[in-house]
Number of protein chains: 2
Amino acid sequence: MAMLVQKYGGTSVGDAVKIMNVARRVAVAQAAGNQIAVVVSAMGKATDELIALAQSVTSNPEPREMDLLLSTGELVSCTLMAMALRELGVPSISMGGAQAGILTDTAHGRASIVQLDPARVQRELDAGRVVIVAGFQGITDDMETTTLGRGGSDTTAVALAAALKAERCEVYTDVDGIYTADPRVVTNARKLPEIGYEEMLELATYGAKMHPRSIELASWYKIPVLVASSTQDSPGTLIHDLDNGGTAMEVANKVSGVTYERNVARITVRAAPDSPGIVANVFEPLTDAGISVDTIVQNASAERLTDISFTVERGDLDRALEVSRRVASDIGAADCVANDHLGNISIVGTGMLNAPGYASRMFRALSDAAINIEMITTSQIRITCIVDEANVDEAVRVLHAAFELDHE
Amino acid sequence: MAMLVQKYGGTSVGDAVKIMNVARRVAVAQAAGNQIAVVVSAMGKATDELIALAQSVTSNPEPREMDLLLSTGELVSCTLMAMALRELGVPSISMGGAQAGILTDTAHGRASIVQLDPARVQRELDAGRVVIVAGFQGITDDMETTTLGRGGSDTTAVALAAALKAERCEVYTDVDGIYTADPRVVTNARKLPEIGYEEMLELATYGAKMHPRSIELASWYKIPVLVASSTQDSPGTLIHDLDNGGTAMEVANKVSGVTYERNVARITVRAAPDSPGIVANVFEPLTDAGISVDTIVQNASAERLTDISFTVERGDLDRALEVSRRVASDIGAADCVANDHLGNISIVGTGMLNAPGYASRMFRALSDAAINIEMITTSQIRITCIVDEANVDEAVRVLHAAFELDHE
């Protein structure tokens, strides 16, 4: 008998028919002799509707109130899922974040799980019930309801799997696995049967469909995560511990996938005086304004002067530019320029670790396709290039071919 | 500085505009120097929509799951109300039943409040905030969410007022007070400036718009309850301690109001053997079937035989008749007949206490109007007649005139 945690996203529980379909899948998994805890997101557009409701009352809702409001979305879907299972004759019980023992910090709207006490969930599972847990939410020491922010329900599922010492966390969604590239862009993209945590983390950070924080959590607790379709029976992709020792040797000289993001904007603060603390002076005000900065590149532009470039999501550009212009003026930089039509493309793979040649092969492939590279940033197992947004699709296809990802 | 609890029903918080209107009223009451706790029902049809959602999944939802589902309706309205107050610059905080310290028994769908610990609500009030509490819900010792059933939000409000030792509980609704009779039936019905708990309890039980359980609770804790309009500024009706001693003397020889209910059905078990335990044999199976029985009358019909009549809500008639026919056969009664087109009319007033003549005056007035009385039932301060449903409106008008309720 295996302990499994299954997570179903909002589109998978979008209406009564879909909820019944998911319930049937859960029933089959339980009938096969498994103990099942299910984590659900809010139904379809429910969260968007609650946000719209709040905005009809105020343009600036308190994060604390917003959390209590938004938490209702998952309570609705989890009670309906429990009812659907009972309708199929499967004993089940739903639980809000507090009942499921999910203790978080007090950062409303983006809380982190501090502790997960699975005692009650375990007791219900041992009594033969399927336990349905509301994703995305928790409770503080002071009984305040919190939400976990982006990627919240995936994080709930992985944390629950860790606390229950589950054999596996299964994330069911509208894609049926992790691909070497987005199949909508690259027609011969290949589904990966498995991938290591670190590679998946890089893929997730740079465009793949799971949120990096849940991957990170899975990696800490070594919880295997299966990403698969909520409607089909194809095998999906298993994210698990492939990162170390012998296994990494087998995948040497190998790129696992190509990923991309659109909607990237860049700001360059030009000819800033190159003195100690200048970078902090630029970025602290952005952090204070709640603007998330991605890639950062600093080049000397002339003696004692430096250019500082960074990327932000396009939606944040106007605010970021306003802050940056003020900063540029304060620190005596020449000016501040922006480009709001960028994207990024990345190649990811543990095979790149300590192996030279991947970067130059990537740059050559883009160059052969006449794609100009605007910025470059790398990690140990990832190389990312910022390019014009119009070239993103072509760049993904070129790199997919250059690294021969269409066959194993 | 007074402590007030204000309750707003579902139609008063039906959309963003109405929520803002209520918030303005609350803001005015707070600006006048009061500490305000607000109890809200779910928005307009929200509860009905949640019930429909559950029924789209199962025809027989578990009460425990239903409670967790329905509790979200009030969480939504109370967070929106808190946001609306902040939008007006009034510090505010919303609380679910658990946060507000509302401990109930485990009777899902119709829970009773066991204890209300107002510590946190009081702390927030003392910090200068308006506290918005989700009505209709509580939590058990085991952290299970419960709902209080019919009249739940009124009960939350009165219980909170009692726990906070509030000066008054104000129930704002779509009627502007308690009338001597339904103004839609009796055009010259008069709004009562005040009424005693016991009289209000009888009025509420027999058709007036508040739920008797909240009146009963207010009576136990001697909490004055003001029933008034949520949109107008008319004075409303104060329900308070008028029942005892001297005050009752002042209202002697006085009927406070006429009330009515439609949709009453009657079942008569005819010619049952008149042996000990026969009444229990009839009503126990009805209780087991969850059918609420109202008026009961038993008459001897012939030697050692008895007729037992009782009324139920018309919606329960089919089930009640099925149970009763089985019982009639079991106990050897002759047969079982039903009349499903009845209503009841009542006169209520502490003035009737120990004062003869009210009953005969009532029966005479109905007789003069050629209205036949099918059954009679009385309490110390109420006389109720069951009549044909077609005669209900006329009976109310006749009695309103007979007891001179159109002037003080």
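Residues numbered from 1 in each chain as written. Chains lettered and ligands numbered in written order. Predicted model: local features only at pLDDT ≥ 70, side-chain atom pairs only at ≥ 80, totals over all residues.

Chemist: Is there a simple way to explain the overall build of chain A in this structure?
Modeler: Scanning chain A for helices and strands turns up twelve helices and 18 strands. For 408 residues, the compact-globule estimate of 2.2 N^0.38 gives 22 Å, and the C-alpha radius of gyration of chain A, at 23 Å, lies within 12% of that figure. Taken along the three principal axes of its C-alpha coordinates, chain A extends 75 × 55 × 35 Å. Burial analysis of chain A (408 residues in total) assigns 50% to the buried set. Taking the intrachain contacts of chain A between residues at least 6 apart in sequence as the baseline, contacts between residues at least 24 apart amount to 74%. (Helix = DSSP H or I, 4+ residues; strand = E, 2+ residues; numbered from the N terminus. Rg over C-alpha atoms; globule rule 2.2 N^0.38 Å. Buried ≥ 20, exposed ≤ 12 C-beta atoms within 10 Å, placed from the backbone. Contact = placed C-beta atoms within 7 Å.)

Chemist: Mind showing me how you'd approach unusual backbone geometry here?
Modeler: The phi torsion of most residues other than glycine is negative, and most of the peptide bonds are trans. Residue and element names in this part refer to chain B. Phi is positive for Ala-271, close to 50 degrees, though the residue is something other than glycine. Note on placement: Ala-271 falls in strand β13 (residues 257-273). A positive phi angle, close to 60 degrees, is found at Ala-370, a residue other than glycine. Within the secondary structure, Ala-370 sits in the loop between α11 (358-368) and β17 (373-379). Judged by local crowding, Ala-370 falls into the exposed class, with 8 C-beta atoms found within 10 Å.

Chemist: So what exactly am I meant to see when it comes to the nonpolar core here?
Modeler: If you look at soluble globular proteins, the nonpolar side chains tend to sit buried side by side. Val-38, Met-81, Val-133 and Leu-160 of chain B are the most contacted members of the largest nonpolar core, which has 121 residues in total. With nine residues, the single largest contributor to this core is helix α3 (residues 63-87) of chain B. Formed by 120 residues, the second largest nonpolar core is a distinct cluster that contains Ala-163, Val-255, Ile-345 and Leu-405 of chain A. (Core = buried A, V, L, I, M, F, W, Y, C linked by C-beta atoms within 7 Å.)

Chemist: Is there a simple way to explain the domain arrangement of chain A in this structure?
Modeler: Accessible area lost upon the coming together of the parts serves often as the stated size of an interface. Looking at chain A, the domain boundaries give domain 1 (3-174) and domain 2 (258-402). Computed over C-alpha atoms, the centres of domain 1 of chain A and domain 2 of chain A are 36 Å apart. (Domains from an automatic or database assignment.)

Chemist: Sorry, what's going on with α11 of chain B here?
Modeler: Every α-helical turn comprises 3.6 residues, leaving residues that sit three or four positions apart pointing alike. Residue and element names in this part refer to chain B. Of the positions making up α11, those classed as buried are Tyr-358, Met-362 and Leu-366. Projected down its long axis, α11 carries its buried residues within an arc of 65 degrees, all on one side. Pointing more than 90 degrees away from the buried face of α11 are the exposed residues Ser-360, Arg-364, Ser-367 and Asp-368. On its buried side, α11 packs onto β16 (335-348), β17, β18 (382-388) and α12 (392-402). Downstream of α11 by one or two residues, Ala-370 has phi in the positive range, about 60 degrees. (Arc of directions from axis to C-beta.)

Chemist: Could you clarify how one ought to interpret the sheet that holds strand β2 (residues 35-40) of chain A in this entry?
Modeler: In sheet architecture, strand pairing relies on hydrogen bonds along the backbone and comes in two forms, parallel and antiparallel. Residues and elements named next belong to chain A. Reading across from one edge, β3-β6-β2-β1-β9-β11-β12-β10 is the order of the eight strands in this open sheet, with mixed pairing throughout. Two strands close off the open sheet at either side, each with one partner strand: β3 (92-95) and β10 (194-196). Averaged over all neighbouring strand pairs, the angle between strand axes comes to 20 degrees, with direction disregarded. Relative to strand β11 (residues 225-229), strand β9 (residues 168-173) runs parallel, the two sharing five bridges. (Pairing = 2+ DSSP bridges. Axes fitted to C-alpha atoms, helices over the stretch in contact; angles between N-to-C directions.)

Chemist: Which parts of the structure should I look at to understand helix α12 (residues 392-402) of chain A?
Modeler: All names here are of chain A. Considered for burial, the residues of α12 that qualify are Val-392, Ala-395, Val-396, Val-398, Leu-399 and His-400. Each element contacted by the buried residues of α12 is listed here: β13 (257-273), β16 (335-348), α11 (358-368) and β18 (382-388). Glu-404, located one to two residues past α12, shows a positive phi value of around 50 degrees.

Chemist: Explain the pairing of strand β17 (residues 373-379) of chain A to me, please; I cannot follow it from the model alone.
Modeler: Consecutive residues of a regular strand have side chains that alternate between opposite faces of the sheet. Residues and elements named next belong to chain A. Relative to β18, β17 runs antiparallel, the two being bridged by six bridges. Across the sheet, residue Ile-376 finds its bridge partner in β18, namely Cys-385. A loop of two residues connects β17 with β18, the two strands running antiparallel in sequence.

Chemist: Is there a simple way to think about the interface of chain B and chain A in this case?
Modeler: Between chain B and chain A, the contact holds 28 residues from the first and 28 residues from the second. The element contributing the most residues to the side of chain B that touches chain A is α3 of chain B, with 13 residues. Partitioning the side of chain B that touches chain A into residue classes produces 17 nonpolar, seven polar and four charged. (Nonpolar A, V, L, I, M, F, W, Y, C, P; charged D, E, K, R; others polar.)

Chemist: Sorry if this is basic, but what is going on with the relation of the copies chain B and chain A here?
Modeler: The relation between the two chain copies is a rotation about an axis coupled with a shift along that axis. When chain B is fitted to chain A, the best match, at an RMSD of 0.2 Å, comes from turning it 180 degrees and sliding it 0.1 Å along the axis. Taken together, the rotation and translation describe the operation of a two-fold axis. Looking at the rotation axis and the C-alpha trace of chain B, the residue lying nearest is Thr-72 of chain B, at 2.6 Å. Both copies share a contact surface, since 100% of the interface residues of chain B are interface residues in chain A too. (Least-squares fit on C-alpha atoms with pLDDT ≥ 70 in both.)

Chemist: Just checking my understanding: could you explain the packing of α11 of chain B against α12 of chain B for this structure?
Modeler: Relative placement of two packed helices is described by the angle separating their axes and the distance separating the axes. Residue and element names in this part refer to chain B. Relative orientation of the contacting elements α11 and α12 amounts to 130 degrees, with a least axis distance of 9 Å. Relative to α12, the element α11 is oriented oblique. Considering how the two elements wind past one another, α11 and α12 form a crossing that is right-handed. Residues Arg-361, Met-362, Ala-365 and Leu-366 of α11 touch α12, and the partners they reach there are Ala-395, Val-398, Leu-399 and Ala-402. The residue makeup of the contact of α11 with α12, split by class, is seven nonpolar, no polar and one charged. (Parallel < 35°, antiparallel > 145°, perpendicular 65-115°, else oblique. Left-handed = near helix turned anticlockwise from the far one by under 90°.)

Chemist: Help me understand the packing of helix α3 (residues 63-87) of chain A against α3 of chain B, please; the structure alone is not making it clear to me.
Modeler: Running from N to C, α3 of chain A and α3 of chain B cross one another at 165 degrees; their axes reach a closest spacing of 9 Å. Classified by the interaxial angle, the pair formed by α3 of chain A and α3 of chain B is roughly antiparallel. For the crossing formed where α3 of chain A meets α3 of chain B, the hand is left-handed. Taken together, the residues of α3 of chain B that come into contact with α3 of chain A (itself represented by Glu-65, Leu-68, Leu-69, Thr-72, Leu-75, Val-76, Thr-79, Ala-82 and Met-83 of chain A) are Glu-65, Leu-68, Leu-69, Thr-72, Leu-75, Val-76, Thr-79, Ala-82 and Met-83 of chain B. Residues of the contact of α3 of chain A with α3 of chain B, tallied by class, amount to twelve nonpolar, four polar and two charged.

Chemist: Would you mind showing me how to read the sheet that holds strand β2 (residues 35-40) of chain B here?
Modeler: Residue and element names in this part refer to chain B. Judged by pairing direction, the sheet is mixed, and its eight strands sit side by side in the order β3-β6-β2-β1-β9-β11-β12-β10 without closing on themselves. Each end of this open sheet is capped by a strand with a single partner; those strands are β3 (92-95) and β10 (194-196). Ignoring which end each strand starts from, the neighbouring axes of this sheet average 20 degrees apart. Pairing between β2 and strand β6 (residues 130-134): four bridges, direction parallel. Following the sheet pairing, Val-39 is matched in β6 by Val-133. Relative to strand β1 (residues 3-8), helix α5 (residues 152-163) is tilted by about 175 degrees, and along the sheet it contacts β1, β2, β6, β9 (168-173) and β11 (225-229).

Chemist: Is there a simple way to think about the environment of Met-20 of chain B in this case?
Modeler: Position of Met-20 of chain B among the secondary structure elements: in helix α1 (residues 16-31). Each C-alpha atom of the pair Met-20 of chain B and Glu-87 of chain B lies 9.0 Å from the other, and the pair is 67 residues apart in sequence. Excluding anything up to four places from it in sequence, Met-20 of chain B contacts Val-57 of chain A together with Ala-84 of chain B.

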